[in-house]
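If you want the building blocks of each chain, they are given just below.
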Amino acid sequence: SKGKIVIGQTGQVEGEVHCRNADISGQLKAQIIVAELLTLKATAKISGEITTSKLSIEPGAKFSGTCNMSDSGARVEKPALHETTGTKEREKNT
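Keep in mind it's a predicted model, so treat the numbers as computed, not measured.

Rules used in this analysis
Residues numbered from 1 in each chain as written. Predicted model: local features only at pLDDT ≥ 70, side-chain atom pairs only at ≥ 80, totals over all residues. Heavy atoms only, no water. Pairing = 2+ DSSP bridges. Helix = DSSP H or I, 4+ residues; strand = E, 2+ residues; numbered from the N terminus. Buried < 20%, exposed > 50% of the residue type's maximum accessible area, 1.4 Å probe, protein only. Polar contact = N/O pair within 3.5 Å; in protein donor to acceptor, adjacent residues only side chain to side chain. Contact = heavy atoms within 4.5 Å.

(A) Summary view of the pairing of strand S5 (residues 45–57). When strand S4 (residues 27–40) meets S5, the two strands line up parallel, connected through twelve bridges. For Leu40, the partnering residue across the bridge sits in S5 and is Ile57. Here S5 pairs with strand S6 (residues 62–69) via eight bridges, running parallel. Paired with Gly48 across the bridge in S6 is Gly65.

(B) Examining the side chain of Asp23 more closely. Examined against the element boundaries, Asp23 turns out to sit in strand S3 (residues 21–24). Under the relative-accessibility criterion, Asp23 is labelled buried at 16%. Here Thr39 takes part through its side chain, which lies 3.4 Å from a polar atom of the side chain of Asp23. Once you skip the residues sitting within four places of it in the chain, Asp23 turns out to touch Lys4, Ile5, Val6, Ile7, Thr39 and Lys41.

Spelled out as structure tokens, the structure:
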């Protein structure tokens, strides 16, 4: 979704989720990639991989899995390497 995903308290999602923002109150068994803000409400139960720029977790929320946070959120990239005069240098991501 190019917008916001909202999963209510009784909502259940399995699979893969890509969105700009998300508010989770229900159950999520998935890989979730959020470009901006992911909010886990107190009743949220998450199992899977999270990639986001910003993460808000209310007391009571349960999370099992991995979390990768970066300034670019959904556009997580590793710096490219290139050869110059026999040495490897990191290109600046701009």
